Each structure stands twice: as structure tokens, then as C-alpha cells.
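# Reading the structure
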Amino acid sequence: MKKIILLLVLLVSAIAVNAATYRVKYDVQNQRPTTFTVSVGYDRLTINQTGYSLRRMGTITSSGITFDSYAYGSGSNGMFCVSTTSISIKKDWLTTLSGYVIMIDNKAYLADKIN
């Protein structure tokens, strides 16, 4: 019985450690500010309060940036990726944008990790 309880505690801890919430702040393709939240859990993706099932696909490295990649939803599945590190982008000589790169289907966003 103690082993089962310990296993459940470890499982819940692993899920809590893997959960992350991001505050999206910039739409890269349209080059304009935007605001919504994205929460990534063990098997659940929430985009602006709409929940989807989530399946981890693996790791992708592109242009020196490493992404964790996922398939989300059912039926017509979508692709979701989040960079493993924060990056900085110089928009012009006065403006530098920084954050985690989030890809939802074919759209790229910059976001701050809030937990």
C-alpha cells in the first residue's frame, strides 16, 4: 500500500513539474502585440481557456533553437511546439523582444513563462 501511495505522489509530482504556463505577448508573423495564455500539462493543452488533448512527439532543433513538439486535439490534429530556452530578437535599433518561441500550427508567437 505504501508503494502505491509513493508511486502516486511521484506521478503527481512529475505532472506538476512538467506543467508550464506561458503568457503570449507578440505575434511574430503579423508583427504586432497579442495577449492570451497557453498552459501545457502532461496530457492537456489549454489555449486561452480552450482545452485539447496532448501527445508529446519529441524534440526538434531548427536554426539553433530546440523545441519540444506535441500533437494536440483529436480528428484534425494540430502541431504545437515550445522552445526550451528563451531567445532575444532585435526588431529594430531601439526594440529588442525576448521570450519563448511558441508555434501553434503554422503561427509563431513570443511568450513569457509565468510558472
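The preceding data block contains the structure.
As a starting point, this report considers the structure included with it. Since the structure is predicted, the reported quantities are computational estimates derived from the model, not experimental observations. (Residues numbered from 1 in each chain as written. Predicted model: local features only at pLDDT ≥ 70, side-chain atom pairs only at ≥ 80, totals over all residues. Heavy atoms only, no water.)

Here the focus is the pattern of salt bridges. As enumerated under the stated definition, the model contains 3 salt bridges in all. Between K25 and D112 there is a salt bridge, with the nearest N and O atoms lying 3.0 Å from each other. Of the two residues, K25 sits in strand 1 (residues 20-27) while D112 sits in strand 9 (residues 107-113), which places them 87 residues apart along the sequence. Here K107 and D27 are joined by a salt bridge, their closest N and O atoms 3.1 Å apart. Taken as a pair, K107 in strand 9 and D27 in strand 1 lie far apart in primary sequence, 80 residues in all. Given a relative accessible area of 31%, K107 falls into the partly exposed group. (Salt bridge = Lys/Arg side-chain N within 4 Å of Asp/Glu carboxyl O. Helix = DSSP H or I, 4+ residues; strand = E, 2+ residues; numbered from the N terminus. Buried < 20%, exposed > 50% of the residue type's maximum accessible area, 1.4 Å probe, protein only.)

This paragraph deals with the environment of N115. By the element assignment, N115 lies in the segment after strand 9. For the pair N115 and Y22, spaced 93 residues apart in sequence, the C-alpha separation works out to 7.5 Å. Leaving out residues up to four positions away in the same chain, N115 has contacts with A19, A20 and T21. Only 2.7 Å separates the side chain of N115 from the backbone nitrogen of T21, close enough to count as a polar contact. (Contact = heavy atoms within 4.5 Å. Polar contact = N/O pair within 3.5 Å; in protein donor to acceptor, adjacent residues only side chain to side chain.)

The analysis is restricted to geometry; functional conclusions fall outside its scope.
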